[in-house]
Amino acid sequence: MDYSSKRVLPCRMSTTLAGHTALVTGAGRGMGRAISIELAKAGATVVLVARTQGEIDAVAQEINQAGGRAVAIAADVGSDAQIEASVKAAHAAVGDIDILVNNAGYSELGLISEQDPAIWWKQLEVGLRNPYTYSRLIVPMMRTKGWGRIINVSSIFGKIGNAYQTAYAAAKHGLIGFTRALAMELAKSNITVNAICPGYVRTSLSEKAMAQRSVLHNIPRDQLEKHALSLIPQGVITEPEEVAGAVLFLVSDAAKRITGEAMNISAGRVMH
């Protein structure tokens, strides 16, 4: 076939995020830490947000010592006032933000008839309210820059549900709906909005859930993990760095026509 008369557009993944500034919530550990480091390696300035100052200070130090640039801002993402303060502090430190990763999450397992309603609702607060509030505050900056990427960290349980996690599953389902609606709202603004849906990832949150489930079922933890792995076609636990790679792809130029998606990163556990 003769391509000489056709306009061929290159399709390649840009790994350069120089000139871009990212804000990552829940950045002190697990997936948030890995995502922050990956974005910094690609050249982005990264604002690390989490409740524990010591954790994000350690991640910022790691990034800065490696030649990147990171700023650590402590905030409780369950508080609108602290979210707003963190965004103001970030803007004062690094200017307009054009990459937002809503990663902070919270989960407590329990029977719906027995779990404290305050704990149930707190999971929705963390899972939905803070992505909304950060997006509301940062989208105007993205519009000013004429470019933006929002990544919302949902879960495979935002697609299939999970016993004893009614609040967490409700929040993660809602986050996918929020992602799709906001993607449509911003589609003509050169701002993409996508969700990622991790499966069993090796983090402190998944370890906590496994320990709680062991107590609820009165089954040893190692047996529960063996059962969980049997449900995963690839038979592996996903590492936080593997999730970070998917985030890097979604903020790259190669993904500029991908918006409103909910990408599974579950080693085949969920395929829709």
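This one's a predicted model, so the numbers in the text were calculated from it and none came from an experiment.

Enquirer: It is not clear to me how the packing of helix H4 (residues 117-145) against helix H5 (residues 166-186) should be interpreted in this structure. Could you clarify?
Expert: The relative placement of two packed helices is expressed as an angle between their axes plus a distance between the axes. Across the interface, H4 lies against H5 with an axial gap of 8 Å and an inter-helix angle of 20°. One element, H4, and the other, H5, form an angle in the roughly parallel class. With respect to the hand of their crossing, H4 and H5 are arranged in right-handed fashion. In contact with Trp-120, Gln-123, Leu-124, Gly-127, Leu-128, Pro-131, Tyr-132, Ser-135, Val-139 and Arg-143 of H4, H5 contributes Thr-166, Ala-167, Tyr-168, Ala-170, Ala-171, Gly-174, Leu-175, Phe-178, Leu-182, Glu-185 and Leu-186.

Enquirer: Whenever I open this one, the pairing of strand S3 (residues 69-74) confuses me. Can you help?
Expert: The two faces of the sheet receive side chains in turn, since in a regular strand these alternate between them. Both strand S2 (residues 45-50) and S3 contribute to a ladder of 6 bridges, which runs parallel. Within S3, the residue paired with Val-46 across the bridge is Ala-70. Crossover connection from S2 via helix H2 (residues 53-65) to parallel S3: handedness right-handed.

Enquirer: Whenever I open this one, the pattern of salt bridges confuses me. Can you help?
Expert: Pairing is possible between side chains of opposite charge, provided their charged atoms come close. A full pass over the atoms with the stated rule returns 10 salt bridges. Between Asp-98 and Lys-145 there is a salt bridge; the shortest N-O distance is 2.9 Å. With a gap of 47 residues between them, Asp-98 in the loop between helix H3 (80-94) and strand S4 (99-102) and Lys-145 in helix H4 connect regions that are remote in the sequence. A residue is classified by how much of its surface remains accessible, and Asp-98, at 1% relative accessible area, is buried. Judged by relative accessible area, Lys-145 falls into the partly exposed class, the value being 34%.

Enquirer: When you look at the environment of Pro-117 in this model, what are you seeing that I'm missing?
Expert: Within the secondary structure layout, Pro-117 lies in helix H4. The exposure class of Pro-117 is exposed, given its relative accessible area of 53%.

Enquirer: For this particular structure, what's the right way to read the packing of aromatic side chains?
Expert: Centre-to-centre distance and the angle between the planes together describe a pair of aromatic rings. Under the definition given, this model contains 1 aromatic pair. On the numbers, 5.1 Å between centres and 75° between planes, the contact of Trp-120 with Trp-121 is edge-to-face. For Lys-122, the ring lying beneath its charged end belongs to Tyr-106, and the centroid distance is 4.7 Å.

Enquirer: In this structure, what is going on with helix H6 (residues 204-217)? I would like to understand it.
Expert: Since there are 3.6 residues in each turn of an α-helix, residues three or four apart along the chain are aligned in direction. Taking 1.5 Å as the rise per residue, H6 with 14 residues should run 20 Å; its terminal C-alpha atoms sit 20 Å apart, in good agreement. Turning to H6, its buried residues are Ser-206, Ala-209, Met-210, Arg-213 and Ser-214. Here the buried residues of H6 occupy an arc of 140° about the axis, which is enough to place them on one side. Each element contacted by the buried residues of H6 is listed here: helix H7 (221-230). Asn-218 occupies a position one or two residues after H6 and carries a positive phi of about 55°.

Enquirer: Help me understand the sheet that holds S3, please; the structure alone is not making it clear to me.
Expert: Paired through their backbone hydrogen bonds, the strands of a sheet run either parallel or antiparallel. One open sheet holds the 7 strands; their spatial order is S3-S2-S1-S4-S5-S6-S7, and the pairing between them is parallel. This sheet does not close on itself; its edge strands, each paired only once, are S3 and strand S7 (262-265). Each strand of the sheet is rotated relative to its neighbour by a mean of 20°, with strand direction disregarded. Where strand S1 (residues 21-25) meets S4, 3 bridges bridge the pair, whose relative direction is parallel.

Criteria and thresholds
Residues numbered from 1 in each chain as written. Predicted model: local features only at pLDDT ≥ 70, side-chain atom pairs only at ≥ 80, totals over all residues. Heavy atoms only, no water. Axes fitted to C-alpha atoms, helices over the stretch in contact; angles between N-to-C directions. Helix = DSSP H or I, 4+ residues; strand = E, 2+ residues; numbered from the N terminus. Parallel < 35°, antiparallel > 145°, perpendicular 65-115°, else oblique. Left-handed = near helix turned anticlockwise from the far one by under 90°. Contact = heavy atoms within 4.5 Å. Pairing = 2+ DSSP bridges. Right-handed = clockwise from strand over helix to strand, strands pointing away. Salt bridge = Lys/Arg side-chain N within 4 Å of Asp/Glu carboxyl O. Buried < 20%, exposed > 50% of the residue type's maximum accessible area, 1.4 Å probe, protein only. Phe/Tyr/Trp six-rings, centres within 6.5 Å; stacked < 30°, edge-to-face > 60°. Lys NZ or Arg CZ within 6 Å of the ring centre and 35° of its normal. Expected span 1.5 Å × (residues − 1). Arc of directions from axis to C-beta.

These figures come from the coordinates and say nothing about function on their own.
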